[in-house]
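Fold and geometry: a report
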Amino acid sequence: MEKIESIKEFGGYLNRYTHYSKVCNSNMTFSVYLPPQAQFEKLPSLYWLSGLTCTDENARSKAGAQRYAAEYGLAIIFPDTSPRGDDVPDSKERYDLGKGAGFYINATQTPWNEYYKMYDYITQELPIIIEDNFPQLNSKKSISGHSMGGHGALICALKNPDLFTSVSAFAPICNPINSQWGKNCFSAYLGKNELVWNDYDATCLILNGKKVKNILIDQGTSDEFYHQKQLLPENFIAACKKENQSLNLRFQDGYDHSYHFISSFIRDHIIYHAEYLK
């Protein structure tokens, strides 16, 4: 692991690293924000998963999370959204497949399956790297994300309730097997057997008995992708009601899909996770 950047923010440091990922078979980049409290005590972490076309750079520059992480004493881990590199397969004509669109699943179909193992990267490889290299952090971790990253946060938490203490999301893709984004990516990454897709769909996981303590979701009512039926939060609400899964899904009037929306409510999410982590 090599540190490639360090910036002081709110009394702590935003550091950026690169390393070789065995599960993704490529070099990966991630950022870590260590708040000032990390100088004196071991802190819990919040993993933030970003959306389509993003890298670790988007959230760390636009969400405004570091200010509140410093206030409440949380580290933030910002992973990339997919493998990178010249050898990594891509779909240059599409923004929703290939580089920047890992969808936080383990691909099973060629040529994607040699590299696109983002589910294992987030739930297995990266947490071990963080714990081995950051003595300032304890083992407690939570997870959040936006859009495709919100989908990733939900499935990672639901499938690993002992790994992540709490989960939240902004405008997540709640039911990808029924959205065009999900159908396009899942058919390419996972093949034609739609039963396999269910294992990476938060709504299906809830209906199949997966549970966590609570879920916080914010969704803007002026989100273009909500109106295009890409996100399908109503399907998730219905599944949670059916299975008695605790859910606080807040429709925020007039907000869109952008980081303007995220930065408006990120403090609420930091406080939410801090209460569980501490």
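An account of the accompanying structure is given in this report. (Residues numbered from 1 in each chain as written. Predicted model: local features only at pLDDT ≥ 70, side-chain atom pairs only at ≥ 80, totals over all residues. Heavy atoms only, no water.)

1. Some thoughts on the state of the cysteines
With the rule as written, the count across this model stands at zero disulfides. Just so you know, Cys-156 is unpaired, no disulfide at all, and the nearest cysteine sulfur is the one on Cys-24, 12 Å from it. Take Cys-156: its relative accessible area is 0%, and that puts it in the buried class. Take Cys-240: it sits in no disulfide, and the sulfur closest to it among the cysteines is that of Cys-174, at 8.5 Å. (Disulfide = S-S within 2.5 Å. Buried < 20%, exposed > 50% of the residue type's maximum accessible area, 1.4 Å probe, protein only.)

2. A few points about the nonpolar core
Nonpolar side chains in soluble globular proteins tend to be buried together. Counting 92 residues, the largest nonpolar core has Phe-103, Ile-143 and Tyr-189 as the members making the most contacts within it. No other element matches helix 10 (residues 259-277), which puts eight residues into this core. Filtering out sequence-adjacent residues up to four positions away, Phe-103 remains in contact with Leu-52, Thr-81, Met-148, His-151, Ile-173, Pro-176, Trp-181, Gly-182, Cys-185, Phe-186 and Tyr-189. (Core = buried A, V, L, I, M, F, W, Y, C linked by side-chain atoms within 4.5 Å. Helix = DSSP H or I, 4+ residues; strand = E, 2+ residues; numbered from the N terminus. Contact = heavy atoms within 4.5 Å.)

3. Some details on the pairing of strand 1 (residues 2-9)
Pairing analysis gives seven bridges linking strand 1 to strand 2 (residues 12-21), with the strands arranged antiparallel. Across the sheet, Lys-8 pairs through a bridge with Tyr-13, a residue of strand 2. Hairpin geometry of strand 1 and strand 2 is characterised by an intervening segment of two residues between the two adjacent antiparallel strands and by a positive phi of about 50° at Phe-10. (Pairing = 2+ DSSP bridges.)

4. Observations regarding the packing of aromatic side chains
One pass over the structure, following the stated rule, counts 17 aromatic pairs. Ring geometry for Phe-186 versus Trp-197: centroids 6.0 Å apart, planes at 75°, classification edge-to-face. Here Phe-186 is found in helix 5 (residues 180-190), whereas its partner Trp-197 is found in helix 6 (residues 194-197), with 11 residues between them in sequence. Note on accessibility: Phe-186 and Trp-197 belong to one class, buried. Three or more aromatic residues joined by ring pairs make a cluster, and in this case those are Trp-48, Phe-170, Tyr-255, Phe-261 and Phe-265. (Phe/Tyr/Trp six-rings, centres within 6.5 Å; stacked < 30°, edge-to-face > 60°.)

5. Notes on the environment of Phe-40
Within the secondary structure, Phe-40 is located in the loop between strand 3 (26-34) and strand 4 (43-49). Residue classification places Phe-40 among the exposed residues on the basis of a relative accessible area of 72%. C-alpha separation for the pair Phe-40 and Gln-136, spaced 96 residues apart in sequence, amounts to 8.3 Å.

6. Here we look at the layout of surface pockets
In this approach a probe as big as a water molecule rolls over the atoms, and the regions it shows empty are the leftover space. Its volume calculated, the largest pocket comes out at about 260 Å³. If you go around the largest pocket, you meet 15 residues; those closest to its centre are Leu-52, His-146, Ser-147, Phe-225 and His-257. Tallied by class, residues from the lining of the largest pocket come to six nonpolar, seven polar and two charged. (1 Å grid on protein atoms, 1.4 Å probe; cavity = no way out; pocket = protein on both sides within 12 Å on 5 of 7 lines; lining within 4 Å. Points joined across faces, edges and corners; volume = space filled by probe spheres on them. Nonpolar A, V, L, I, M, F, W, Y, C, P; charged D, E, K, R; others polar.)

7. Considering helix 10
Residue Phe-265 marks the point of greatest curvature in helix 10, where the axis turns by about 50°. Where helix 10 begins, the capping side chain belongs to Ser-258, and its oxygen is found 3.1 Å from the backbone nitrogen of His-260. (Bend = angle between axes of the 7 residues up to and from the residue. Polar contact = N/O pair within 3.5 Å; in protein donor to acceptor, adjacent residues only side chain to side chain.)

8. Description of the pattern of salt bridges
A complete count under the given rule lists 11 salt bridges for this structure. In this structure, Glu-57 engages Arg-16 in a salt bridge whose closest nitrogen and oxygen atoms are separated by 3.9 Å. Taken together, the residues span a long stretch of sequence, with Glu-57 in helix 1 (residues 56-62) and Arg-16 in strand 2 at a distance of 41 residues. When its relative accessible area of 29% is taken as the criterion, Glu-57 is described as partly exposed. One salt-bridge network, in which partners are shared between bridges, spans Glu-5, Arg-16, Asp-56, Glu-57 and Arg-60. (Salt bridge = Lys/Arg side-chain N within 4 Å of Asp/Glu carboxyl O.)

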